[in-house]
Amino acid sequence: MSPEQRELIRFDPIPGFVFVNDHVHFITEGTERVIFVHGIIFAHHDISDRVAEAYAMVSLFETGYANQNDIAWAFKVSARSLRRYQKRLETGGLAAIARPDGRPSGDQSKPSKSRQRDQTILRLKTKGFSNRAIAGKLGVDEKIVRKHLRCLGWTPSPAPSFAFVEQCPDSDIDGGSRQSDTPDPSEDSQTTGSDRDTKPMSQSFDLNPLDRSMDRLLAAMGLLEDATPLFAKCSSVPKAGVLLAIPALVASGLLSVAKRIYGTLGPAFYGLRTSLVAYILLSLLRIPRPENLKEYAPGDLGRIVGLDRMPEVKTLRRKLARLASLKGSRELGREMAKHRIRLRGRLLGFLYVDGHVRVYHGKRSIPKAFDPRKRLAVPATTDYWINDRTGDPLFVVTADANLHMTKMLVPVLEQVRELIGSDRRLTIVFDRGGWSPKLFSRLLAMHFDILTYRKGRTRRVNEKRFMLREARLDGRRVKYLLYDQAVRFLKGTLRLRQITRLLESGHQTPILTSRWDLRDIVIAYRMFERWRQENFFKYMREEFLIDALTDYDVEPDDPTRSVPNPARKEVDKQLRLARTKLIELQETYGSAMLKRNNPTTLAFTPAEKKIRQEITEVRGRIARLRACRKKTPAHIPLAEMQSAQQAVKLSTERKHLTNILKMVAYQIESDLVGQIRSFYARANDEGRTFIQTALQNTAAIEPANDELHVKLAPLSSPHRSKALAALCESLNKTHTQFPGTKLTMRFSVELNRDS
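Only a predicted model underlies this, so the values are computations on that prediction, with no experimental measurement involved. (Residues numbered from 1 in each chain as written. Predicted model: local features only at pLDDT ≥ 70, side-chain atom pairs only at ≥ 80, totals over all residues. Heavy atoms only, no water.)

(A) Region of the structure containing the overall build of the chain. Looking only at helices and strands, one finds 25 helices and 24 strands in the chain. Within the chain, buried positions represent 46% of all 755 residues. Within the chain, contacts between residues at least 6 apart in sequence are counted, and of these 64% link residues at least 24 apart. As presented, the chain carries roughly 41,800 Å² of accessible surface, and 51% of it is formed by carbon and sulfur atoms. (Helix = DSSP H or I, 4+ residues; strand = E, 2+ residues; numbered from the N terminus. Buried < 20%, exposed > 50% of the residue type's maximum accessible area, 1.4 Å probe, protein only. Contact = heavy atoms within 4.5 Å. Areas by Shrake-Rupley, 256 points an atom, 1.4 Å probe, with all protein chains shown as cover.)

Here is the structure:
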């Protein structure tokens, strides 16, 4: 482009010149503004004259010279303001556009709606309500509340923080009193559950149990820690039979222990107590994962716990994540085990210890463990469970990096010793995974007796030496062919008792123990009853989904952990290949020698010489590999691995917490089974099936006179309904109050009119 052309098309912007569109523009010089339409003056005014400018903008729009957006952009106002000017001009003329700033004056003889709103806002604010809560109550925006408070000259004053709100049922929202639920620091941390029940309980603002909107508002305002259960009168509530588990849940001590450890979850509608009760009851209803709640109506489940809705998937997962973040699951497990020992200490003469492998199918690279079901080493996490002699769980420990039982028994039993004290001597029953004579000596030094299978080859006992033993143990008739003898290990320093059982097939099973005071049939019976723990694992895996992941979080692995040396693995691989090659060459050489016409000839053929040379080379390679293998350590620290930075393991806190809660649910179910043994003949065979049916049963709920009546529907047969009625009578004698209320629970069974 030539300089002349650039000069012709050059455009220097005029100061104060603004284009509205292709037809309209205006120029501002000093305080004067002139508006042009098609180059003709349309309006002329002073920029401080707001009325003239507003009239000019409305005129441009109404005459069609420009649209609202162009005018608003050019004059730097909002389109909403332009529409407001237009409406004022239509209704009141120019005088309406010139309305002064501030609130318009009116008749002061009677209060306006605005003044009534100001009084309401001021009254609620003085009672401690937040701006957000006041806006929600009045149905206005929070900005309006702030503006009105600013106009009223409100100045915030220091006020106490309220943990929850207490109110009499017949009072309104403005008359409610508040009371802090924060525990007194001087209070003993070991306060029992019964002592805590004497404290005044919070009550609800909501009069309708099926509409808890006010309590939810208070929780959002930070004034409520946990919603008070309110039960509605319902003639038929599905799955309300699960309320039969409440007395056992209260007796388990979970709520009081969790309150002492976790304290509170903060302001929430679903607080600590509600979350724990909901999770336990859902597990007993065979809804063991929050994701399964999508298949159920939250309103129906909420009536069971005295709420309008049961916490749903995201809410329950957030509560579990919050509890996991507090890192209190291990202390919770220890305290629950102590409480269980106080209740069932007589059943702890024999303790079963075994590891349960949870296979991991995700994309993370985590340590492997041997899965006995698949008979493969797969990515997994190992949990070690300790069960009493009836098979009920006592506590659980997650192994670090899938340590073998020989490594885990000592730390696990150290925790057991802390729980039971230093005086009591227990017998630990475990399988061949814990076989180690050196470990046996250490356990005996810790004042534990052992009972396990003998591992490895043993000398076969003559069948003529076996004696038939018969006894009645735990109400069952048992008989075994047994042979009792003493054996020694560790060069004769460790003397144990070996009891060998002879099966009908001729197979002999040797058992080792340090108990010399018990009969041989009792020792054999307790060893073979270890399958109760295996049955427990199967039951928990199928009914409570203990193998399911609770989260997808990972944490860095321990860099000092000892791992197999990859270099040693490679040497072992090369050594196996060399030995296989040597065997093949030797077979080939032997075949060549057998094919000779004259085997006594000393001269070798060229082919035989070549084979002999290859054999010599392979033997030399094997010798070098063996020397290299001897120098290479079998294990190295994880930090020396090339993939050490990517080494992770599954997060254990949340999984450990859910394992404890599911363990408590299983214990509750076991306690209910124990209560029906005296009046249900087939309790040993189908006791858990009966309890599952009762918990899934429909029931009528009726709160009346400080009591919560739960009337269950009859079961499928008269004898089952009678057993259920007897269970209700047994539970009524406990006089249990529903957690969070003063309502004493009363159970009964509706009479079957057809019978």
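(B) Representation of the sheet that holds strand β22 (residues 699–704) in the model. Spatial strand order, β7-β22-β23-β24: four strands in an open sheet with mixed pairing. Only two strands of the sheet have a single neighbouring strand rather than two, namely β7 (234–237) and β24 (744–749). Geometrically, the sheet is characterised by an average inter-axis angle of 25° between neighbouring strands, direction not taken into account. As judged from the six bridges shared by β22 and strand β23 (residues 707–712), these two strands associate in the antiparallel manner. Bridge assignment links Ala-700 to a residue of β23, and that residue is Lys-711. (Pairing = 2+ DSSP bridges. Axes fitted to C-alpha atoms, helices over the stretch in contact; angles between N-to-C directions.)

(C) Quick look at the environment of Arg-373. Here Arg-373 is to be found in the loop between β9 (368–371) and β10 (376–387). By relative accessible area, Arg-373 is classed as partly exposed at 46%. The spatial distance from the C-alpha of Arg-373 to the C-alpha of Val-357 is 9.4 Å, given a sequence separation of 16 residues. Apart from the residues lying within four places of it in its own chain, the contact partners of Arg-373 are His-356, Val-357, Arg-541 and Asp-547.

(D) Seen up close, the nonpolar core. Ranked by size, the top nonpolar core spans 100 residues in total, and within it Leu-243, Leu-244, Ile-280, Leu-332, Ile-668, Leu-724 and Phe-747 carry the most contacts. When residues in this core are grouped by element, the largest group, ten residues, is from helix α23 (residues 653–675). The contacts of Ile-280, once residues within four sequence positions are left out, are Leu-249, Leu-254, Leu-661, Val-664, Ala-665 and Ile-668. Core analysis: the next-biggest nonpolar cluster, separate from the first, contains 35 residues, Val-397, Leu-413, Ile-420 and Leu-512 among them. (Core = buried A, V, L, I, M, F, W, Y, C linked by side-chain atoms within 4.5 Å.)

(E) Spatial organisation of the pattern of salt bridges. Following the criterion strictly, the structure yields 42 salt bridges and no others. With a closest N to O distance of 3.4 Å, Asp-671 and Arg-340 form a salt bridge. In this pair, Asp-671 sits in helix α23 while Arg-340 sits in helix α16 (residues 329–344), placing the two residues 331 residues apart along the sequence. The partner of Arg-476 in a salt bridge is Glu-529, and the shortest N-O contact between them spans 2.8 Å. (Salt bridge = Lys/Arg side-chain N within 4 Å of Asp/Glu carboxyl O.)

(F) Focus on the packing of aromatic side chains. For the structure shown, the criterion picks out 16 aromatic pairs. Between Phe-466 and Tyr-483, the ring centres sit 6.3 Å apart and the planes meet at 65°, which makes this aromatic pair edge-to-face. Taken as a pair, Phe-466 in the loop between β13 (448–453) and β14 (467–473) and Tyr-483 in strand β15 (residues 476–489) lie far apart in primary sequence, 17 residues in all. For the pair shown, Phe-466 and Tyr-483 are each scored as buried. On the numbers, 6.2 Å between centres and 55° between planes, the contact of Tyr-539 with Phe-544 is tilted. You can call Tyr-539 buried: its relative accessible area is 16%. Each member of the aromatic cluster is reached from another via a ring pair, and the members are Trp-385, Phe-536, Phe-537, Tyr-539, Phe-544 and Tyr-666. Here the guanidinium or amino end of Arg-688 rests over the ring plane of Tyr-539, the centre of that ring lying 5.4 Å away. (Phe/Tyr/Trp six-rings, centres within 6.5 Å; stacked < 30°, edge-to-face > 60°. Lys NZ or Arg CZ within 6 Å of the ring centre and 35° of its normal.)

(G) Broad picture of helix α22 (residues 606–631). Between its first and last C-alpha, α22 extends 38 Å over 26 residues, near the 38 Å set by a 1.5 Å rise per residue. Residues of α22 that are buried: Glu-608, Ile-611, Ile-615, Val-618, Ile-622 and Leu-625. Those residues of α22 hidden inside the fold are in contact with α21 (566–594). (Expected span 1.5 Å × (residues − 1).)

(H) Inspection of the packing of helix α13 (residues 272–284) against α23 at higher detail. Viewed as axis vectors pointing N to C, α13 and α23 meet at an angle of 60°, and their least axial separation amounts to 9 Å. As the angle between them shows, α13 and α23 are arranged oblique. Judged by the twist between their axes, the crossing of α13 over α23 is right-handed. Note on element contacts: α23 touches α13 through Thr-658, Leu-661, Lys-662, Val-664, Ala-665, Ile-668 and Glu-669, opposite Leu-276, Tyr-279, Ile-280, Ser-283 and Leu-284. (Parallel < 35°, antiparallel > 145°, perpendicular 65-115°, else oblique. Left-handed = near helix turned anticlockwise from the far one by under 90°.)

(I) Quick look at the pairing of strand β4 (residues 40–46). Pairing of strand β3 (residues 32–37) with β4, which is carried by six bridges, proceeds in the antiparallel orientation. Bridged to Val-34 within β4 is His-44. Counting the residues in the hairpin turn of β3 and β4 gives two residues, including His-38, whose phi is positive at 55°.

(J) Geometry of the side chain of Thr-427. One can find Thr-427 in strand β12 (residues 426–429). On the basis of relative accessible area, Thr-427 is assigned to the buried category, the value being 1%. A polar contact of 2.7 Å, which involves the side chain of Thr-427, links it to the side chain of Arg-515. Filtering out sequence-adjacent residues up to four positions away, Thr-427 remains in contact with Gly-349, Phe-350, Leu-351, Asp-449, Ile-450, Leu-451 and Arg-515. (Polar contact = N/O pair within 3.5 Å; in protein donor to acceptor, adjacent residues only side chain to side chain.)

(K) How the structure looks around the environment of Thr-652. Of note, Thr-652 is situated in the loop between β21 (648–650) and α23. With 323 residues separating them along the chain, Thr-652 and Ser-329 place their C-alpha atoms 9.7 Å apart. Each residue touching Thr-652, except ones within four places of it in the same chain, is listed here: Arg-330, Thr-398 and Glu-555.

(L) Here's a closer look at the packing of helix α2 (residues 50–62) against helix α3 (residues 68–75). As a packed pair, α2 and α3 sit with axes 9 Å apart at the nearest point and diverge in direction by 150°. As far as their axial angle goes, α3 and α2 are roughly antiparallel. Considering only the axes of α2 and α3, their crossing is right-handed. Counted together, Glu-53, Met-57, Leu-60 and Phe-61 of α2 and Gln-68, Ile-71 and Phe-75 of α3 form the full contact between these two elements. A class-by-class count of the residues in the contact of α2 with α3 yields five nonpolar, one polar and one charged. (Nonpolar A, V, L, I, M, F, W, Y, C, P; charged D, E, K, R; others polar.)

(M) View of helix α8 (residues 142–152). Three or more residues of α8 are buried, namely Val-145, His-148 and Leu-149. Angular distribution of buried residues about the axis of α8 spans 100°; they occupy a single face of the element. Exposed and oriented more than 90 degrees from the buried face of α8 are Lys-143, Arg-150 and Cys-151. Backbone geometry just downstream of α8 places Gly-153 in the positive-phi region, at approximately 75°. (Arc of directions from axis to C-beta.)

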